[in-house]
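Now for the letters of each chain:
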2 protein chains.
Amino acid sequence: MRTGFIGLGAMGAPMARNLARAGLLTAVWNRTPAKAAELAKELDVTVAADPADLAHRCDAVCLCVSADADVLETIDALLPGLRPGTVVIDHSTVSSETARLAAAKIRAVGGDFLDAPVSGGVEGARAGTLAVMVGGEANTLEKARPVLEAVGGRIAHMGDVGAGQATKAVNQVLCAGINQAVCEALAFGRALGLNLDKVIDVISKGAAGNWFLEKRGPTMIQGSFEPGFKLSLHHKDLQICREMARHRGAEVPLVEKTLADYRRLMAEGHGEEDISALLRLWYQPDGNCQKN
Amino acid sequence: MRTGFIGLGAMGAPMARNLARAGLLTAVWNRTPAKAAELAKELDVTVAADPADLAHRCDAVCLCVSADADVLETIDALLPGLRPGTVVIDHSTVSSETARLAAAKIRAVGGDFLDAPVSGGVEGARAGTLAVMVGGEANTLEKARPVLEAVGGRIAHMGDVGAGQATKAVNQVLCAGINQAVCEALAFGRALGLNLDKVIDVISKGAAGNWFLEKRGPTMIQGSFEPGFKLSLHHKDLQICREMARHRGAEVPLVEKTLADYRRLMAEGHGEEDISALLRLWYQPDGNCQKN
């Protein structure tokens, strides 16, 4: 299955590498051409001239871009090259509505579409162990399975087009709540004068254990907020989640608080940092905060 | 090392079983005698007549009881039998102050003391993989290590007596925040009409993954709140945490909210349920709530 990849960012580049390892990657394209040229050289694949050229060369086209408008523009740009039966797999995190719009455009020219957002951080992208939340037809998913399994450790079919994005929205809501919970707990532990490295190590093994504490805890207490997952992107996702919640009458107080906190951090110039920079609002981590 | 165990509840009984498997358990005692008799028969160990009798028979005495007053009463009751050099290991979750009071009583008669609260739920207690947060002297910990390793998967020396309980307090604060985060996310997912079993399965494998969602998610969405960890006990712990936070000037908003929520649930008769019964305040789970 000749596969192309569009969007070679922090998540997309390692995902493309795993497709190459699985012998599936044929071509890449990126809005910033230098990134595509570099990765194509590393992986010995073609740099497509444009999205339409990439679509024309492939049986499956993966996208991993930032925002709703980026997905729809990229779809429009690849449509002229898309052959009937080609599957477009969108790994971006966008709204369910955008997924349905994208699917309609693709289906109108005889292609198939899956919304397949992922979770597991850059670590999961590198290891090929991402959780992949898929919306679309079951037979399209089966056709695309080799591609999904090259990047994911758990592939879940959640329902029709849009259900993958709805599931990712739940994931993003939970990430916000866990970020708040971890910051509150670490600030409390610091106030108690505990050695936070030791605290993180031991409580990660118990009933409060979670991915975020284990992966980001040790760096955030050092005041290191290299992304990871950019705060401004999570802010964008949470705005979508809040709209979805409003339409369905769901209350999302931790999302509301996190949006307000992120807005403050973005205003202070921290939007490009990892979401764990939320800790800045609790205390100024400096790597010397452990008293024990 | 002849080891005795006092307090054979949901956590204590499986911990005692693991000590027996390691060939360390000599005697047990419990406030409700029937429990002790039953477990002693199963494990072929002695039922002590009282805590002092148990202490007299052992080189290490483990406690796992509910509240601060229970720890101090039990210590008072075992002191008459305690021989110099015996180590008392308190696995209960109580305040650091109680740990220091207990240590003073034990040391006054030549014994050694460790506060060694645990986390990892009944699952971790059964599997012998608990996270054990230890406060006390390093050489006392080394003496007690075989006992701790029989029940724990990770043994962390956090500092002087009281530091184990302080670390456990951080753990309990984080458990409260994660409970809130998981309930908000599940209620949001339900409002979106998603199949929550599938949502839990897939997002547990990504960056929002956590012990609580993985272990309690599948049962809580069915409206099953068998403890696990009793809500009234977590309420008790969080009251201690709130006091500690006040003394140190730390803000703990998710603890404050969780205390208020638990009070409401306890008033409605749900104090003996698992802490995941917090979901009742988001929607009435009935096992038929998934629409997809």
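Procedures and definitions
Residues numbered from 1 in each chain as written. Chains lettered and ligands numbered in written order. Predicted model: local features only at pLDDT ≥ 70, side-chain atom pairs only at ≥ 80, totals over all residues. Heavy atoms only, no water. Buried < 20%, exposed > 50% of the residue type's maximum accessible area, 1.4 Å probe, protein only. Helix = DSSP H or I, 4+ residues; strand = E, 2+ residues; numbered from the N terminus. Arc of directions from axis to C-beta. Contact = heavy atoms within 4.5 Å. Buried area = accessible area lost by both parts, 1.4 Å probe. Salt bridge = Lys/Arg side-chain N within 4 Å of Asp/Glu carboxyl O. Polar contact = N/O pair within 3.5 Å; in protein donor to acceptor, adjacent residues only side chain to side chain. Core = buried A, V, L, I, M, F, W, Y, C linked by side-chain atoms within 4.5 Å. Domains from an automatic or database assignment. Pairing = 2+ DSSP bridges. Right-handed = clockwise from strand over helix to strand, strands pointing away. Axes fitted to C-alpha atoms, helices over the stretch in contact; angles between N-to-C directions. Left-handed = near helix turned anticlockwise from the far one by under 90°. Nonpolar A, V, L, I, M, F, W, Y, C, P; charged D, E, K, R; others polar. Least-squares fit on C-alpha atoms with pLDDT ≥ 70 in both. Phe/Tyr/Trp six-rings, centres within 6.5 Å; stacked < 30°, edge-to-face > 60°. Lys NZ or Arg CZ within 6 Å of the ring centre and 35° of its normal.

Brief notes about helix H2 (residues 33–43) of chain A
Residues and elements named next belong to chain A.
Alright, step 1. Along H2, the residues classified as buried are Ala36, Leu39, Ala40 and Leu43. Burial along H2 is one-sided: seen end-on, the buried residues are contained in an arc of 105°. Exposed and oriented more than 90 degrees from the buried face of H2 are Ala34, Glu38 and Lys41.
Alright, step 2. Turning to H2, the residues buried within the fold contact helix H1 (12–21), strand E2 (25–29) and strand E3 (46–47).
Alright, step 3. A positive phi of about 55° marks aspartate 44, the residue just after H2.

What to know about the interface of chain B and chain A
Alright, step 1. At the junction of the two partners, chain B supplies 59 residues and chain A supplies 59 residues.
Alright, step 2. Here chain B packs against chain A, burying approximately 4900 Å² in sum over the two surfaces, 73% of which is carbon and sulfur.
Alright, step 3. When residues of chain B are sorted by the area they lose upon contact with chain A, Leu174, Glu184 and Phe188 of chain B head the list and together hold 14% of the total.
Alright, step 4. We note a salt bridge from aspartate 201 of chain B to arginine 154 of chain A, for which the minimum N-O separation is 2.5 Å.
Alright, step 5. In this structure, the connection of chain B to chain A is made through 14 residue pairs in polar contact (both at pLDDT 80 or more).
Alright, step 6. Top element by residues in the side of chain B that touches chain A is helix H8 (residues 163–191) of chain B. It accounts for 19 residues.

Digging into the nonpolar core
Alright, step 1. Grouped together as the largest cluster of nonpolar side chains are 108 residues, with contacts concentrated most on Leu174, Leu186 and Phe188 of chain A together with Leu174, Leu186 and Phe188 of chain B.
Alright, step 2. Each residue touching phenylalanine 188 of chain A, except ones within four places of it in the same chain, is listed here: Ala169, Val170, Val173, Cys241, Met244, Ala245, Ala250 and Val252 of chain B.
Alright, step 3. Judged by nonpolar contacts, the second largest core, of 34 residues, contains Met11, Ala16, Ala60 and Leu141 of chain A.

Quick notes on the domain arrangement of chain A
All names here are of chain A.
Alright, step 1. Split by domain assignment, chain A resolves into domain 1 (3–159) and domain 2 (166–287).
Alright, step 2. The centre of domain 1, based on its C-alpha atoms, is set 28 Å off from the matching centre of domain 2.
Alright, step 3. Contact with domain 2 buries area across many residues of domain 1, yet Thr93, Glu123 and Met133 alone supply 39% of it, more than any other trio.
Alright, step 4. Between arginine 216 and glutamate 123 there is a salt bridge, with its nearest N and O atoms 2.8 Å apart.

What about the environment of phenylalanine 5 of chain B?
Residue and element names in this part refer to chain B.
Alright, step 1. Position of phenylalanine 5 relative to the elements: it lies in strand E1 (residues 3–6).
Alright, step 2. Along the sequence, phenylalanine 5 and valine 47 sit 42 residues apart, while their C-alpha atoms lie 9.9 Å from each other.
Alright, step 3. Every residue in contact with phenylalanine 5, bar those within four places of it in the chain, is listed here: Gly12, Met15, Ala16, Leu19, Leu25, Ala27, Val28, Trp29, Leu54, Cys62, Cys64 and His91.

Considerations on the environment of glutamate 142 of chain A
Residues and elements named next belong to chain A.
Alright, step 1. Mapped onto the elements, glutamate 142 comes out in helix H7 (residues 138–151).
Alright, step 2. Taking the C-alpha atoms as reference points, glutamate 142 and glutamine 222, separated by 80 residues in sequence, lie 44 Å from one another.
Alright, step 3. Among the polar contacts made by the side chain of glutamate 142, one reaches the side chain of arginine 145 at a distance of 3.0 Å.

Comments concerning the pairing of strand E9 (residues 152–159) of chain B
Residues and elements named next belong to chain B.
Alright, step 1. Of the pairings in the sheet, the one linking strand E8 (residues 130–135) to E9 comprises six bridges and is parallel in character. The residue bridging valine 134 from the neighbouring strand is histidine 157, located in E9.
Alright, step 2. At this point the chain moves from E8, through helix H7 (residues 138–151), to the parallel E9, and the crossover so formed is right-handed.

Considerations on the pattern of salt bridges
All names here are of chain A.
Alright, step 1. All chains considered together, the criterion is met by 41 salt bridges over all chains.
Alright, step 2. As a salt-bridge pair, glutamate 42 and arginine 17 come within 2.6 Å of each other at their nearest N and O atoms. Here glutamate 42 is found in helix H2, whereas its partner arginine 17 is found in helix H1, with 25 residues between them in sequence.
Alright, step 3. A salt bridge links glutamate 273 to arginine 280; its shortest N-O distance comes to 2.9 Å. Residues glutamate 273 and arginine 280 agree in their burial class; the two are buried.
Alright, step 4. Sharing partners across several salt bridges, the network here consists of Arg2, Asp59 and Arg83.

Section: the packing of helix H11 (residues 231–248) of chain B against helix H12 (residues 253–267) of chain B
Residue and element names in this part refer to chain B.
Alright, step 1. Where H11 contacts H12, the axes come no closer than 10 Å and their chain directions differ by 145°. Where H11 crosses over H12, the handedness of that crossing is left-handed. On the side of H11, the interface is formed by Leu231, Ser232, His234, His235, Leu238, Gln239 and Arg242, while H12 contributes Val255, Glu256, Thr258, Leu259, Tyr262, Arg263, Leu265 and Met266.
Alright, step 2. Across the contact of H11 with H12, the residue classes break down as seven nonpolar, five polar and three charged.

Some remarks on the relation of the copies chain B and chain A
Superposing the two chain copies requires a rotation about an axis and a translation along that axis.
Alright, step 1. Between chain B and chain A, the superposition needs a rotation of 180° and an axial shift of 0.0 Å, giving an RMSD of 0.0 Å. Considering both components of the superposition, the chain copies are consistent with a two-fold axis. Using C-alpha coordinates, one finds that chain B approaches the rotation axis most closely at asparagine 210 of chain B, a distance of 2.0 Å.
Alright, step 2. Mapped onto chain A, 100% of the interface residues of chain B are again interface residues, and the two copies thus contact each other with one and the same surface.

Description of the packing of aromatic side chains
Alright, step 1. Inspection of the entire model under this criterion finds zero aromatic pairs over all chains.
Alright, step 2. Lying across the ring of tyrosine 283 of chain B, arginine 190 of chain B places its NZ or CZ 4.3 Å from the centre.

Concerning the side chain of serine 96 of chain A
Residues and elements named next belong to chain A.
Alright, step 1. With respect to the helices and strands, serine 96 occurs in helix H5 (residues 96–108).
Alright, step 2. Within the local environment of serine 96, its side chain forms a polar contact with the backbone oxygen of glycine 162, the two atoms lying 2.8 Å apart.
Alright, step 3. Excluding residues that lie within four positions of it along the chain, serine 96 makes contacts with Gly162, Gln165, Ala166 and Met244.

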